[in-house]
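# Residue-level structural notes
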Amino acid sequence: MYPDNFYYSKDHEWLKLEGEVAVLGITDFAQKQLGDIIYVELPPVGKVLDAHQSLGTVESVKSVSDIYSPVSGEVIEVNSELAQTPDLINKDPHGQGWIAKLKIKDSSELQNLMKAADYEKYIEGLEH
């Protein structure tokens, strides 16, 4: 269910590395907790983020949640399709529902994130 080649944060974001670029989104667990997503506030391209800094918000019928950057970096692209179809996050959270692409500042920060098996154990503890 959770791709093995991704990194996961305790805030339920995922990162997929493509060279020095990290594609970022929220996990399937997060989108299920949120319910139907109706709006995504995307960060401006060029914004420089520290690890754990909010880069935008996801609004659902239930609540508004911050999206945190798991690593430091610069936003180099955003998923503009989410402006028209924010529910892509519900339909394909680990694919077409990606939120932003970051140029990573310090790849050693990836060591602070979980791999798929660890993330699955982490959310198991939250569901019980």
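Our subject is the structure listed above.
I will try to describe carefully the structure that is included in this document. (Residues numbered from 1 in each chain as written. Predicted model: local features only at pLDDT ≥ 70, side-chain atom pairs only at ≥ 80, totals over all residues. Heavy atoms only, no water.)

## Quick word on the pairing of strand β9 (residues 100-104)
Strand residues, when the strand is regular, have side chains that alternate between the two faces of the sheet. Most of β9 sits out of view: 4 of its 5 residues are buried. Alignment of strand β3 (residues 21-26) against β9, held across 4 bridges, turns out to be antiparallel. Each bridged residue has a counterpart across the sheet, and for L24 the counterpart in β9 is A100. Sheet topology note: the strand β8 (residues 73-78)/β9 ladder contains 5 bridges and is antiparallel. Paired with G73 across the strands is I104, a residue of β9. (Buried < 20%, exposed > 50% of the residue type's maximum accessible area, 1.4 Å probe, protein only. Helix = DSSP H or I, 4+ residues; strand = E, 2+ residues; numbered from the N terminus. Pairing = 2+ DSSP bridges.)

## A word on the pattern of salt bridges
Inspection of every chain in the model, using the stated rule, returns 5 salt bridges. Among the salt bridges present, the one from E18 reaches K16, with a minimum N-O distance of 3.5 Å. Judged by its relative accessible area of 40%, E18 is partly exposed. Owing to a relative accessible area of 25%, K16 belongs among the partly exposed residues under this scheme. Between D28 and K32 there is a salt bridge, and its shortest N-O distance comes to 2.9 Å. One end of the pair is D28 and the other is K32, both in helix α1 (residues 28-34) and 4 residues apart, which spans about a single turn. (Salt bridge = Lys/Arg side-chain N within 4 Å of Asp/Glu carboxyl O.)

## Topic: a nonpolar patch on the surface
Where nonpolar side chains cluster on the molecular surface, the patch consists of I38, Y39 and V61 and spans about 310 Å² of accessible area. Turning to its location among the elements, Y39 is positioned in strand β4 (residues 37-41). (Patch = residues over 30% accessible without salt bridge, like charges linked within 9 Å, V, L, I, M, F, W, Y side chains within 5 Å. Areas by Shrake-Rupley, 256 points an atom, 1.4 Å probe, with all protein chains shown as cover.)

## Regarding the nonpolar core
Counting 24 residues, the largest nonpolar core has L15, I26 and I99 as its most contacted members. Elements with a minimum of two residues in this core: β3, α1, β4, β6 (54-60), α3 (88-91) and β9. Look past the residues within four positions of L15 in its chain and what remains in contact with it is F6, Y7, A22, V23, L24, P70, V71, L110 and L113. Ranked by size, the runner-up nonpolar core spans 11 residues in total, among them Y8, W14, M114 and I123. (Core = buried A, V, L, I, M, F, W, Y, C linked by side-chain atoms within 4.5 Å. Contact = heavy atoms within 4.5 Å.)

## Focus on the sheet that holds strand β5 (residues 48-49)
With respect to topology, 6 strands assemble into an open sheet ordered β1-β2-β3-β9-β8-β5, the strand pairing being antiparallel. The open sheet has two edge strands, β1 (6-8) and β5, and neither has a second partner.

## Remarks on the packing of aromatic side chains
Within the structure shown, the criterion is met by 6 aromatic pairs. Taking 5.8 Å as the distance between ring centres and 90° as the angle between the ring planes, the aromatic pair formed by Y2 and Y8 counts as edge-to-face. Residue Y2 is classed as buried on the basis of its relative accessible area of 5%. Judged by relative accessible area, which is 0%, Y8 ranks as buried. The ring of W98 is capped by K101, whose NZ or CZ atom sits 5.1 Å from the centre of that ring. The ring centre of Y7 lies 4.2 Å from the NZ or CZ of K115, which sits over that ring. (Phe/Tyr/Trp six-rings, centres within 6.5 Å; stacked < 30°, edge-to-face > 60°. Lys NZ or Arg CZ within 6 Å of the ring centre and 35° of its normal.)

## Considering helix α4 (residues 116-127)
Given a rise of 1.5 Å per residue, 12 residues ought to cover 16 Å, and the 16 Å separating the end C-alpha atoms of α4 matches this to within 8%. Within the sequence span of α4, burial applies to A116, Y119 and I123. Mapping the buried residues of α4 onto a view down its axis gives an arc of 60°, with all of them on the same face. Exposed positions of α4 whose direction lies more than 90 degrees from the buried face are K121 and G125. (Expected span 1.5 Å × (residues − 1). Arc of directions from axis to C-beta.)

Honestly, it's all geometry; don't read function into it.
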